[in-house]
Amino acid sequence: MMEPTLPGYKIECVGDDIAWMRFDKEGRLRAINPEAGFFGVAPGTSAATNPNALETCKTNSIFTNVAETSEGGVYWEGMDEELPEGVSITSWLGEENWKSDSGKPAAHPNSRFCTPARQCPIIDPQWESSEGVPIEAILFGGRRPKGVPLVYEAFNWQHGVFIGGSMRSEATAAAEHVGKVIMHDPFAMRPFFGYNFGHYLSHWLSMDKPGRQLPKIFHVNWFRKGTDRSFLWPGFGENCRVLDWICRRVNGEDCANTSTIGYIPKPGALNLDGLKENIDSDSLFDLPKEFWQQEVLDIRKYFNEQVNEDLPEVIAQQLNDLEVRVNELNGESDDMKTCAAVN
C-alpha cells in the first residue's frame, strides 16, 4: 500500500497476502486475490509507515490482541498517535492503565486487524476481475541486516526459482521464532507450505514452457544496516525508486550490470532525485566474500537436511554455480566497485 515519492507514479492495490496465478491463452501470467480483505499485523502500522492500511481499518474492522483505549478505540506499539488527555489504555492482557514503562507491550507483537479490501483507498478497480491482473515481475524479499544488497535481478527463470527457494530472513512476529534470528524462509512461505518442498520447487520450474511469457524475478532487501546498525535505505514510499528500476528492467532498459548473485543497478540507474537522505550506495550494494561463502554453506546444509533427494537437479546446480562465482570474488568484490548504484 505504498505511497510513491517519485513524480508520475501511481500505485494501486490488488491484495496484501495471497495471489492465485495462472497463464492465460496468450501465455501471460495473471493473478487474482482470492481474499475479501486484509489480515495485517497491527504493531508498527501508522500514518507514517502505512497510511493506506490505517485508513482502510478505521471502520468496519475486527482487531485481535490489540490494546483498547478508555474511549473504546484501539492502540498498539508504533501507532504514533498522541492519546487525548485523560484517555487510558488497557493492554491486550487486560492490564488497566497500561504505561510504556510497564515492561510489557500494550498489544501482542502479532496482533492483527481484519478489514474489507474494498475500503482500501488505493484498491485497484480490477481487484475482483475474474481474468486477474497481468504479472510482469515477481519480487522476493527478506529482512537481511547484513550482506544482501537492496535489489538484484535473477539471471533467468531457473536462477529466480533458486533465489526464491534459498531465501533467508530475520524472523518476524508472523513466524514461530522468538528473537531476531536469521531463518530459512523459502519463497517467504516456509510456515505455510502444504506439501513437499522439493515438489514445490519442481512445480515452479515446470512453469517454464514454450509460448509462455515468464515474469522477471527480483530479490529486494529494505532492511540492510550499516556499521552503526542504522538502516542504509529509508524504505516506505522511497521503495518506489527500486520499483522504478524494476519496471525499466521489465521494459528492456539496459540499466543493470552483472554481479556475482544477479543483475544489479548500473551506476546512477536508481533515480535518487529529491531523496532527503544521503545514501551510502557502496555499503548498500557491497557483496562481502566471507558473508556469501557462509550463505552458500547454510543454504547447502538446509537443502541437504530439509529437501535431500527431492531437491531438483537444476536447483542443486544453481547452488554449485553460485559457490563458484562467490569463490571468485576478490576481497570486497571488484564487480561491486563498478556496479554500485550512486546518486
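Being a predicted model, the structure only gives us computed values, none of them experimental.

### Regarding the pattern of salt bridges
For the coordinates displayed, the defined rule picks out 15 salt bridges. A salt bridge links E12 to K10; the shortest N-O distance between them is 3.3 Å. Residue E12 is classed as partly exposed on the basis of its relative accessible area of 34%. Via salt bridges that share partners, R144, R168, E295 and D298 belong to a single interconnected network.

### Notes on the packing of aromatic side chains
Within the structure shown, the criterion is met by 16 aromatic pairs. Between F140 and W204 the ring centres are 5.9 Å apart and the planes differ by 50°, which places this aromatic pair in the tilted class. Of the two residues, F140 sits in strand β10 (residues 137-141) while W204 sits in helix α3 (residues 197-206), which places them 64 residues apart along the sequence. Assessed through its relative accessible area of 7%, F140 is described here as buried. With centroids separated by 5.6 Å and ring planes inclined at 75°, the aromatic side chains of F291 and W292 adopt a geometry described as edge-to-face. Accessibility assignment for this pair places F291 and W292 in one class, buried. Grouped by ring-pair contacts, the aromatic residues F140, W157, F187, F193, Y195, F197, Y200, W204, Y302 and F303 constitute a single cluster. Over the aromatic face of F39 sits the side chain of R112, whose NZ or CZ is 4.8 Å from the ring centroid. Over the aromatic face of F223 sits the side chain of R143, whose NZ or CZ is 4.0 Å from the ring centroid.

### Focus: the side chain of H159
Looking at the secondary structure, you find H159 in helix α2 (residues 157-165). Leaving out residues up to four positions away in the same chain, H159 has contacts with A154, I261, G262, Q318 and R325.

### Comments concerning the sheet that holds strand β7 (residues 89-90)
In space, the three strands of this open sheet follow the order β6-β5-β7, with antiparallel pairing throughout. Each of the sheet's edge strands pairs with one partner strand only, and the pair in question is β6 (74-75) and β7. Summarising the sheet, strand β5 (residues 67-69) and β7 pair through two bridges and their orientation is antiparallel. Note on β7: the bridge partner recorded for T69 is I89.

### Considerations on the sheet that holds strand β2 (residues 29-32)
The three strands lie next to each other as β1-β2-β9, forming an open sheet whose pairing is antiparallel. Either end of the sheet is taken by a strand with one partner, and the two such strands are β1 (20-23) and β9 (133-134). Pairing of β2 with β9 involves two bridges; the strand directions are antiparallel. Along β9, the bridge assignment pairs A31 with V133.

### Here we look at the confidence of the model for the chain
Low pLDDT means the predicted coordinates in that region are not meant to be read closely. When pLDDT is averaged along the chain, the result is 92, and 94% of the positions lie at 70 or above. Every residue in residues 332-343 is under pLDDT 50, and counting partners more than four places away or in other chains gives 37 contacts.

### Overview of the nonpolar core
The biggest cluster of nonpolar side chains holds 57 residues, and the ones touching the most others in it are L150, W204, W245 and F303. Among residues more than four places away in sequence, those in contact with W245 are V151, E153, F218, C255, A256, Y263, I264, P265, A269 and L270. Residues C57, Y75, I89 and A107 belong to the second largest nonpolar core, which totals 14 residues.

### Let's talk about unusual backbone geometry
Residues apart from glycine generally show negative phi values, whereas peptide bonds are mostly found in trans. The backbone of N65 shows a phi angle near 60°, a positive value even though the residue is not glycine. Take N65: it is sitting in the loop between β4 (62-64) and β5. The phi dihedral of F187 is positive, around 60°, even though this residue is not glycine. Residue placement: F187 occurs in the loop between β13 (182-184) and α3. Given a relative accessible area of 6%, F187 falls into the buried group.

### Structural notes on the environment of L29
Within the element layout of this structure, L29 appears in strand β2. For the pair L29 and L243, spaced 214 residues apart in sequence, the C-alpha to C-alpha distance is 19 Å.

Cut-off values and rules
Position numbers for residues start from 1 in each chain and track the written sequence from start to end. Only residues with pLDDT of 70 or above have their local features reported here, since the model is predicted, and side-chain atom pairs are shown and tallied only from 80 upward, although totals for entire chains, interfaces and linings are computed over all residues. Processing note: side-chain calculations cover all non-hydrogen atoms of the structure and skip hydrogens and water entirely. We count a salt bridge whenever a side-chain nitrogen from Lys or Arg sits within 4 Å of a carboxyl oxygen from Asp or Glu. Only protein chains enter the area calculation, which uses a 1.4 Å probe; residues under 20% of their type maximum are buried, those over 50% are exposed, and those in between are partly exposed. Classification of ring pairs uses Phe, Tyr and Trp, with its six-membered ring standing for Trp, and accepts pairs whose centres are within 6.5 Å; under 30 degrees between planes counts as stacked, over 60 as edge-to-face, and the remaining range as tilted. Helix and strand definitions here come from DSSP, where helices need a minimum of 4 consecutive H or I residues and strands a minimum of 2 consecutive E residues; each element is numbered from the N-terminal end. Here, a charge over a ring is recorded when the distance from Lys NZ or Arg CZ to the ring centre is within 6 Å and its angle to the ring normal is within 35 degrees. Whether two residues are in contact is decided by their heavy atoms: any pair within 4.5 Å suffices. At least two bridges found by DSSP between two strands are what make those strands a pair. Confidence of the prediction at every residue is given by pLDDT, a number between 0 and 100. Take the buried Ala, Val, Leu, Ile, Met, Phe, Trp, Tyr and Cys residues and link them wherever side-chain atoms come within 4.5 Å; each set so joined is a nonpolar core.

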